[in-house]
Amino acid sequence: MSERNGVATTLAAATLVGLYGVVVAGTADAVANAEATCTTWPTCTGRLLPSLHRGWRSLLAWSHRAAVLLVAVLLVATTVAALRERRSFRAVAALAVAAVLYPGEVVVGRVVFRTGSDATLHFALAAVIVFDVLAALVWLLDAERAAETPSPASALGGAPAVGGTQPDATSTPTDATPTPTDATPTPTDVTPAPSSFPRLRAYGSLMKLKLSWLLCLVALAAMVLARGASLDPVTAAGTLLGGVLAVGASGTFNHVLERGRDAEMARTADRPLATRSVPVRNAVAFGVALLVLSVATFVAFGNALAAALGVGAIAFYTVGYTVVLKPNTTWNTFVGGAVGAFPALIGWAAVTGDVGTPALALGAVVLCWTPAHFHNLALAYREDYANAGYPMLSVVRGPAVTRRRVVWFLGLTLLATVAFAALTHPGVGFALATTAATGVFAVTVLRLHRERTDAAAMRSFHASNVFLATVLCAVVLGGVV
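Computed from a predicted model, the values in this text were never measured in an experiment.

**Q** I tried to follow a nonpolar patch on the surface on my own but got confused; where do I start?
**A** Together, Leu257, Val319, Val323 and Val324 make up a nonpolar patch on the protein surface, roughly 320 Å² of accessible area in all. Broken down by element, the residue count for the nonpolar patch peaks at three residues, all from helix α12 (residues 304–325).

Right, here's the structure in full:
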């Protein structure tokens, strides 16, 4: 791919990030009533530059208008670049539609502010424009890939070594399934853990505590959404403890059910049940104990609804995801992402006694984010999943389709986050922080498509963590400060 032929794709990614920033900044603008400080349009009170003596709201209104103009320029530049490259007619068409709709969306936004009318049409137009640019980005990336000469490894259908280039297998499951290499250990290659394996560490490993921090952050964000600065710290701490115990129970049952396949994967071959460091009977008893303690903690510090949702999360992860979805469908990641949405419901329920719309909106963000996050891991450990017999998308459909799916779900995550911001109005800090995180995430996804390596997949994986953590921290800080 020549440098020139990648310009439209890069500009499309920048436009997508810019559109997200404009829309979430618009929600902050509306909450602060910043537009009231600018009596003319498109200039601010007849001035090209903001008047600092009018305060930060005037600066916010001016910045939002400047961002709107910048995105307009980006959108036109992207459309022109796509036309010049002549790689994808449908990408050009999608960009043209977005370019036509964008001025109308800006005008509708102005009318909504001036009249105080319902903003549904405004956000609907914004969603259509974001989707158009997202589709154009996907199709431009497809065109980049199609224009390249297949590498020798791809032509021969070979599988990469860990850290190598991912072959673009897209036709059949046979083509997409990697062949084992000497770098991938078999069950007989795995050295059993020594008998002195620390018991505490083994049981801690069963609990998958590394997953707890992000899930607890989801629950904390939901609690802050519901109660703001008046959130009772004791209730919050007790709910988070119950969440850690629930994650531990889910993780333990997952270890029990997947112990055979874990032994066949290099990434999981050292897990306690795969190495028989912990007897299965003990692990089951440990999981049940964690389940009981989790329920008791939720009831003691929260309420019965929070406890019931906790049990539902454990059951869904253990049975719905581990037993039903993961071994049987490539959609395991998306549907299984509902597990990550449960903490939002639990956190809200623990402090309110019900399940509110903001909690559902936050859960939707996590649901859409999960495939954009986990598909990267499945790309990096594609051989592992194939050896264990899991029908991950990267195994069944191949890396090219999986990378494409990452882009689609990145876009859906942004749309879900915009909807969440429109509903909850999290403020200026949220807009600034999450736009920056969106830019980082988008850059790593773009590099994933161009580099097609395991290292690039892991960068995208970690960037997705940064994005969600930024969203959640911005909600928490915005609610308590």
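**Q** Any chance you could explain the packing of helix α19 (residues 428–451) against helix α20 (residues 454–480) here in plain terms?
**A** The packing of two helices is summarised by the inter-axis angle and the distance between the axes. At their nearest, the axes of α19 and α20 sit 9 Å apart, and the two run at 170° to each other. Taken together, α19 and α20 sit at an angle that is classed as roughly antiparallel. Two secondary-structure elements touch here, α19 through Phe430, Ala433, Thr434, Ala437, Thr438, Val440, Phe441, Thr444, Val445, Arg447, Leu448 and Glu451 and α20 through Ala456, Ala457, Arg459, Ser460, Ala463, Ser464, Phe467, Thr470, Val471, Ala474 and Val475. Among the residues making up the contact of α19 with α20, the classes are represented as 14 nonpolar, six polar and three charged.

**Q** Mind showing me how you'd approach the pattern of salt bridges here?
**A** Working definition: two side chains of opposite charge can pair if their charged atoms are close together. On inspection of all chains with the given rule, the structure shows seven salt bridges. A salt bridge links Arg404 to Asp142, with the shortest nitrogen-to-oxygen separation between them at 2.7 Å. On the criterion of sequence distance, the pair formed by Arg404 in helix α18 (residues 399–424) and Asp142 in helix α4 (residues 120–147) is long-range, its members being 262 residues apart. Overall, Arg404 belongs to the partly exposed group, its relative accessible area being 27%. Given a relative accessible area of 22%, Asp142 falls into the partly exposed group. For Glu144, the salt bridge identified is with Arg450, shortest N-O distance 2.9 Å. Within this pair, whereas Glu144 is found in helix α4, its partner Arg450 is found in helix α19, the two being separated by 306 residues in sequence. Judged by relative accessible area, which is 31%, Arg450 ranks as partly exposed. Residues participating in the shared-partner salt-bridge network are Arg90, Asp142 and Arg404.

**Q** For this particular structure, what's the right way to read the packing of aromatic side chains?
**A** Any aromatic ring pair is given by two values, namely how distant the centres are and how the planes are angled relative to each other. Scanning the entire structure with this criterion turns up ten aromatic pairs. Ring plane angle 40° and centroid distance 6.5 Å describe the contact between Phe316 and Phe342, whose orientation is recorded as tilted. With Phe316 in helix α12 and Phe342 in helix α14 (residues 338–352), this pair connects stretches of sequence that are 26 residues apart. Among the residues examined, Phe316 registers a relative accessible area of 25% and is labelled partly exposed. Judged by its relative accessible area of 17%, Phe342 falls in the buried class. Ring geometry for Tyr385 and Tyr390: centres 6.1 Å apart, planes at 70°, overall edge-to-face.

Calculation rules
- Residues numbered from 1 in each chain as written.
- Predicted model: local features only at pLDDT ≥ 70, side-chain atom pairs only at ≥ 80, totals over all residues.
- Heavy atoms only, no water.
- Patch = residues over 30% accessible without salt bridge, like charges linked within 9 Å, V, L, I, M, F, W, Y side chains within 5 Å.
- Areas by Shrake-Rupley, 256 points an atom, 1.4 Å probe, with all protein chains shown as cover.
- Salt bridge = Lys/Arg side-chain N within 4 Å of Asp/Glu carboxyl O.
- Helix = DSSP H or I, 4+ residues; strand = E, 2+ residues; numbered from the N terminus.
- Axes fitted to C-alpha atoms, helices over the stretch in contact; angles between N-to-C directions.
- Parallel < 35°, antiparallel > 145°, perpendicular 65-115°, else oblique.
- Contact = heavy atoms within 4.5 Å.
- Nonpolar A, V, L, I, M, F, W, Y, C, P; charged D, E, K, R; others polar.
- Buried < 20%, exposed > 50% of the residue type's maximum accessible area, 1.4 Å probe, protein only.
- Phe/Tyr/Trp six-rings, centres within 6.5 Å; stacked < 30°, edge-to-face > 60°.

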